[in-house]
Amino acid sequence: MNTATLSYRLGTPDWERRYPVLVGKDTVLGAVFRWHRDWITLTSEGERNIGRPEKGRRGVDQAAAHVVDEYATGRITPVSLAAVTAAVPTLDGPVSLLHPRMPQTPRNIEAATKALAALAVHRWTPYTGFPGSDNPWWQECQLCGWQGPRYWSHQRGRNGELPSTHRHTGGCVGEEKVRELIPAYQRQQ
Ligand SMILES: [Zn+2]
């Protein structure tokens, strides 16, 4: 089979921004997603980090082409869509400091400790360990119960300022109540 003749398409990304890679009539070959600056493929053979994209090439395309090539040469087999879709995490007990894919380096431990302390102040419950600043992080709003993926890079305040009182889509409890329930905003006034 020649890769050039095998056209693929990307499915709808899940909450972790994993893109399913499909060929033919809904045959799922795997999924691809970004992790920091690298791209990771998830197939019947597990996860594989294929590194940064070549200059001028979109990472998602390069990673998807890699998956198609693995299939064309018989190294992987199709999978179910569910097998490569990130499940919504459930909370059963305390979460670890770092996401399992984050190396236990002093720098990561320090960043995670800071992030978790700030989440506690701002009334967010993380469902997994710290995934880094630019990866989706599933959290629950302690003020209203909303759940969804958050990005620490957007969530932390800029230049030492407090994060926006606009906590997430859907309104939350309103700005006044947010300021009332989170003491950090009162000290700011
Ligand atoms: Zn809320």
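The structure displayed is predicted, hence computed values, not measured ones.

Novice: A description of the pattern of salt bridges should follow, citing residues and the corresponding values.
Specialist: Scanning the model with the defined rule gives 10 salt bridges in all. A salt bridge links Glu-70 to Arg-75; the shortest N-O distance between them is 2.8 Å. For Glu-70, a relative accessible area of 11% puts it in the buried group. Among the ionic pairs, Glu-180 bridges to Lys-177, the shortest N-O distance being 3.6 Å. Of this pair, Glu-180 and Lys-177 both sit in helix 4 (residues 175-181), three residues apart, which is roughly one turn of that helix. Members of the salt-bridge network, linked through shared partners, are Arg-48, Asp-69, Glu-70 and Arg-75.

Novice: Quick one: what's the story with the sheet that holds strand 7 (residues 137-141), residue by residue and with numbers?
Specialist: The three strands are arranged 6-7-8 in an open sheet whose pairing can be described as antiparallel. Edge strands, defined here as strands with exactly one partner in the open sheet, are strand 6 (124-126) and strand 8 (147-150). Pairs of neighbouring strands in the sheet enclose a mean axial angle of 40°, with direction left out of account. Here strand 6 pairs with strand 7 via three bridges, running antiparallel. By the bridge assignment for strand 7, Pro-126 is matched with Gln-139.

Novice: Help me get a handle on the environment of Ser-164, residues and values and all.
Specialist: Locating Ser-164 in the fold gives a position in the loop between helix 3 (152-155) and helix 4. Put simply, Ser-164 and Tyr-185 are 21 residues apart on the chain and 9.9 Å apart in space, counted from C-alpha to C-alpha. A polar side-chain atom of Ser-164 sits 2.9 Å from the main-chain amide nitrogen of His-166.

Novice: Can you lay out the coordination of the zinc ion for me, pointing to particular residues and giving the numbers?
Specialist: On the protein side, the zinc ion has Cys-141 (SG), Cys-144 (SG), His-168 (NE2) and Cys-172 (SG) as donor atoms, found 2.1 to 2.4 Å from it. Coordination at the zinc ion is tetrahedral: its four donor atoms span angles of 101 to 118° at the metal. For the zinc ion, the single-chain donor residues occur in sequence as C-x2-C-x23-H-x3-C. The exposure class assigned to His-168 is buried, which follows from its relative accessible area of 4%.

Novice: Tell me about the packing of aromatic side chains, and please be specific about residues and values.
Specialist: This structure, assessed with the given rule, holds three aromatic pairs. On the numbers, 5.0 Å between centres and 70° between planes, the contact of Trp-15 with Trp-138 is edge-to-face. With a gap of 123 residues between them, Trp-15 in the loop between strand 1 (8-10) and strand 2 (19-23) and Trp-138 in strand 7 connect regions that are remote in the sequence. Note on Trp-138: relative accessible area 8%, which makes it buried. Taking the centre distance of 5.3 Å and the plane angle of 65° together, the rings of Phe-130 and Trp-137 count as edge-to-face.

Novice: Which residues make up the sheet that holds strand 3 (residues 27-35), and what values do they have?
Specialist: Hydrogen bonding along the main chain pairs the strands of a sheet, whether they run parallel or antiparallel. Spatial ordering of the open sheet is given by 1-2-3-4-5, a layout of five strands whose pairing is antiparallel. Only two strands of the sheet have a single neighbouring strand rather than two, namely strand 1 and strand 5 (46-51). For this sheet the average axis-to-axis angle between neighbouring strands, irrespective of direction, equals 25°. Direction of pairing for strand 3 relative to strand 4 (residues 38-43): antiparallel, over a ladder of five bridges. Paired with Val-32 across the two strands is Thr-41, which belongs to strand 4. Its contacts with the sheet put helix 1 (residues 59-72) on strand 1, strand 2, strand 3, strand 4 and strand 5, and the angle it makes with strand 3 is roughly 145°.

What counts and how
- Per chain, residues are indexed from 1 in the order of the written sequence.
- Local features in a predicted model are, by the rule used here, given only for residues with pLDDT of at least 70; side-chain atom pairs are given and counted only at 80 or more, and totals for whole chains, interfaces and linings are based on all residues.
- Calculation of side-chain values draws on the structure's entire complement of heavy atoms; hydrogens and water are dropped beforehand.
- Throughout this description, the term salt bridge denotes a Lys or Arg side-chain nitrogen within 4 Å of a carboxyl oxygen of Asp or Glu.
- Each residue is placed in one exposure class: buried if its accessible area under a 1.4 Å probe, protein chains only, is under 20% of its type's maximum, exposed if it is over 50%, and partly exposed if it falls in between.
- Counting from the N terminus, the helices are DSSP H or I runs at least four residues long and the strands are E runs at least two residues long.
- When DSSP finds two or more bridges between a pair of strands, those strands are recorded as paired.
- Throughout, an axis means a line fitted to C-alpha atoms (over the contacting stretch in the case of helices), and angles, computed between N-to-C directions, take values from 0 to 180 degrees.
- Contacts described as polar in this section are N or O atom pairs within 3.5 Å, which, within protein, must combine one atom able to donate a hydrogen with one able to accept it, while residues neighboring in sequence count only if both atoms come from side chains.
- Sites may look incomplete because water is not among the atoms; the donors themselves are N, O and S atoms within 2.8 Å of the metal, or within 3.2 Å for Na, K and Ca.
- Square planar and octahedral sites, with four and six donors, are those where opposite donors lie more than 155 degrees apart and all other angles lie between 65 and 115, tetrahedral sites have four donors with every angle between 85 and 135 degrees, and the rest are irregular.
- Put simply, two rings from Phe, Tyr or Trp (the six-membered ring, in Trp's case) pair if the centres are within 6.5 Å, and we call them stacked under 30 degrees between planes, edge-to-face over 60, tilted for the rest.
- Here a residue-residue contact requires only that any non-hydrogen atoms of the pair lie within 4.5 Å.

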